[in-house]
Amino acid sequence: MMKLKAALASVALAGSIAAVSTPAMARDTVNIVGSSTVYPFATVVAERFGRNTDFPTPKLESTGSGGGLKLFCAGIGTQHPDITNASRRMKTSEFQDCQNNGVKDITEVRIGSDGIVIAAGNDAPELNLSLQQLFLALAKDVPNPDGGENLVPNPYKNWSDISSDLPNIAISVMGPPPTSGTRDAFVEIAMEGGCKKYDWIKSKSKGDMRAICHNMREDGAFIEAGENDNLIVQRLMRDNGIYGVFGFSFYEENRNQLQVANIDGVAPTQETIGDDSYPVARSMFFYVKKAHVGVVPGIQEYVNEFTSEGAWGDNGYLVDVGLIPNPRDVRMQVAKDVKALKTMTGNEL
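Keep in mind the model is a prediction, meaning the values are calculated, not measured.

Definitions and cut-offs
- Residues numbered from 1 in each chain as written.
- Predicted model: local features only at pLDDT ≥ 70, side-chain atom pairs only at ≥ 80, totals over all residues.
- Heavy atoms only, no water.
- Buried < 20%, exposed > 50% of the residue type's maximum accessible area, 1.4 Å probe, protein only.
- Helix = DSSP H or I, 4+ residues; strand = E, 2+ residues; numbered from the N terminus.
- Contact = heavy atoms within 4.5 Å.
- Domains from an automatic or database assignment.
- Buried area = accessible area lost by both parts, 1.4 Å probe.
- Salt bridge = Lys/Arg side-chain N within 4 Å of Asp/Glu carboxyl O.
- Expected span 1.5 Å × (residues − 1).
- Polar contact = N/O pair within 3.5 Å; in protein donor to acceptor, adjacent residues only side chain to side chain.
- Axes fitted to C-alpha atoms, helices over the stretch in contact; angles between N-to-C directions.
- Parallel < 35°, antiparallel > 145°, perpendicular 65-115°, else oblique.
- Nonpolar A, V, L, I, M, F, W, Y, C, P; charged D, E, K, R; others polar.
- 1 Å grid on protein atoms, 1.4 Å probe; cavity = no way out; pocket = protein on both sides within 12 Å on 5 of 7 lines; lining within 4 Å.
- Points joined across faces, edges and corners; volume = space filled by probe spheres on them.
- Disulfide = S-S within 2.5 Å.
- Phe/Tyr/Trp six-rings, centres within 6.5 Å; stacked < 30°, edge-to-face > 60°.

Once that is clear, we can look at helix α3 (residues 65–72). Counting buried positions along α3 gives six out of eight residues, so the element sits mostly inside the fold. If you follow the buried residues of α3, they end up packed against β1 (31–34), β3 (83–86), α4 (92–100), β4 (106–121), α7 (181–195) and β11 (281–289).

Once that is clear, we can look at the domain arrangement of the chain. Here the domain parsing of the chain yields domain 1 (31–114 + 282–340) and domain 2 (115–281). Placing a centre on the C-alpha atoms of domain 1 and another on those of domain 2 gives a separation of 28 Å. For the pairing of domain 1 and domain 2, the buried interface totals around 1500 Å² over both sides, and the portion due to carbon and sulfur atoms is 51%. The largest contributions to the domain 1 side of the interface with domain 2 come from D114, R282 and I324, which together make up 39% of the buried area. Between the two partners, domain 1 and domain 2, sit two salt bridges.

Glancing now at α7. Taking 1.5 Å as the rise per residue, α7 with 15 residues should run 21 Å; its terminal C-alpha atoms sit 20 Å apart, in good agreement. Most of α7 is tucked away, with twelve of its 15 residues classed as buried. Taken as a whole, α7 has its buried residues at G181, T182, R183, D184, A185, F186, V187, A190, M191, E192, G194 and C195. Between a side-chain oxygen at the N-terminus of α7 and the backbone nitrogen of T182 the separation is 3.0 Å; the capping residue is S180.

The next subject is the pattern of salt bridges. Under the defined criterion, the tally for this structure stands at 16 salt bridges. In this structure, the salt-bridge partner of E224 is R183, at a minimum N-O distance of 3.3 Å. With E224 in strand β8 (residues 222–224) and R183 in helix α7, this residue pair connects regions lying 41 residues apart in the sequence. Between R210 and E188 there is a salt bridge whose closest N-O contact spans 4.0 Å. In this pair, R210 sits in helix α9 (residues 206–213) while E188 sits in helix α7, placing the two residues 22 residues apart along the sequence. By sharing partners, the salt bridges in this structure join R88, K91, E94 and D184 into a single network.

Moving on, we come to the packing of helix α5 (residues 131–138) against α7. Two numbers describe how α5 lies on α7: the axes approach to 6 Å, and their chain directions differ by 105 degrees. By the angle between their directions, the pair α5 and α7 is classed as roughly perpendicular. Residues L131, Q132, L134, F135 and L138 of α5 form the contact with α7, whose own contacting residues are F186, A190, M191, G193, G194 and C195. Of the residues belonging to the contact of α5 with α7, the class tally is eight nonpolar, three polar and no charged.

Attention now goes to empty space enclosed by the protein. If you walk through the whole model with that rule in mind, you get one cavity of 30 Å³ or more. Of the voids in this model, the largest cavity is the one considered here, and its volume is about 40 Å³. Along its surface, the largest cavity is lined by I118, A119, A120, P125, E126, L127, Y243, Q259, V260 and A261. Those elements that provide at least two residues to the lining of the largest cavity are β4 and β10 (258–260). With three residues, the top contributor of residues to the lining of the largest cavity is β4. The residue makeup of the lining of the largest cavity, split by class, is eight nonpolar, one polar and one charged.

Here we come to the state of the cysteines. Following the criterion strictly, the structure yields two disulfides and no others. One disulfide in the model links C73 with C98; its S-S distance is 1.9 Å. On the S-S bond that ties C73 to C98, the torsion sits near -70 degrees, and the link is left-handed. Here C98 lies in helix α4 and C73 lies in the loop between α3 and β3, a separation of 25 residues in the sequence.

So, on to the packing of aromatic side chains. The full count for this structure, using the stated rule, is eight aromatic pairs. Residues F285 and Y287 carry aromatic rings whose centres are separated by 6.2 Å and whose planes lie at 20 degrees to one another, so their mutual orientation is stacked. For F285, a relative accessible area of 6% puts it in the buried group. An aromatic cluster of at least three residues, connected via ring pairs, comprises F49, F55, F286, Y302 and F306.

So, on to the layout of surface pockets. Within this model, the largest pocket holds a volume of roughly 270 Å³. Contributing to the lining of the largest pocket are 15 residues, with R89, E108, V334, D337 and E348 lying nearest its centre. Listing elements by their share of the lining of the largest pocket, those giving two or more residues are β4, β11 and α15 (328–339). Here the lining of the largest pocket is composed, by residue class, of five nonpolar, four polar and six charged. The volume enclosed by the second largest pocket comes to roughly 160 Å³. With three residues, the top contributor of residues to the lining of the second largest pocket is α7. In terms of residue class, the lining of the second largest pocket is built from three nonpolar, one polar and five charged.

See below:
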């Protein structure tokens, strides 16, 4: 019996060693998941990195910001992603999920800015909106048009029902699903921004206010698309009655075939997004799992390439695909933190 126990203990020990060592040898390619908005920028960096270094080209998957952070925070080990892209900052709840699952050392990298646009095909009626009108068009429940401080199910069928200055066509807007960072940013910046124009809503508790402002229509006027923003662009080119919500970089790629709405009188451009005068601008990030650095080859080197002036600087190659760079002093500080793999504390969120 003692010999049997010893043999079983030996097998168990060997299995535990294999469980620890096998993931370390499981792959030699950086694994990146996350935001569909950051995906084009990360792809350009990854392709250059693969061509110009001895490391394999990193593997990228567009899962949406929320989906990517869920995968990233699931645990340590090379069965889990090394880096996740996000078109909005990590949430406190996501940071806590990471901590609970042993992903304790994370480096945050703010890569630049992007805007969220309301776009349509060139033949569609021109649409110029205020944030308040955008909220009225897309919220599930809106302030009673007859007055009073109460909500009613959204009664607006056509844009012109909101204002006679808007097109007399049905409200039909394609946008990202709840797992998308673009959706998170859109409801927090655009929808909430328009919703807060009503003082009686703005004065509510944060939870009650968000429940009103962030709740999108479910009657067909707002159409949830997938994580692939290119599919929205293709639909807009075919159907002149539909508008789409996606990142400025996708508009830049297709600007010859699309038009964009001004928001509160401001057109989305690199300049207006960079200086935050465009009302629906947001920062973009990626997050690095420090426990994988030195285990999966190429992580630090890929991050160094992304944060080099030749990539994300004012004249870097990412500007050509729509990235709006951070101010130089911000870039310098972020690059310094990246080289040191500075660990997030959670107080940043």
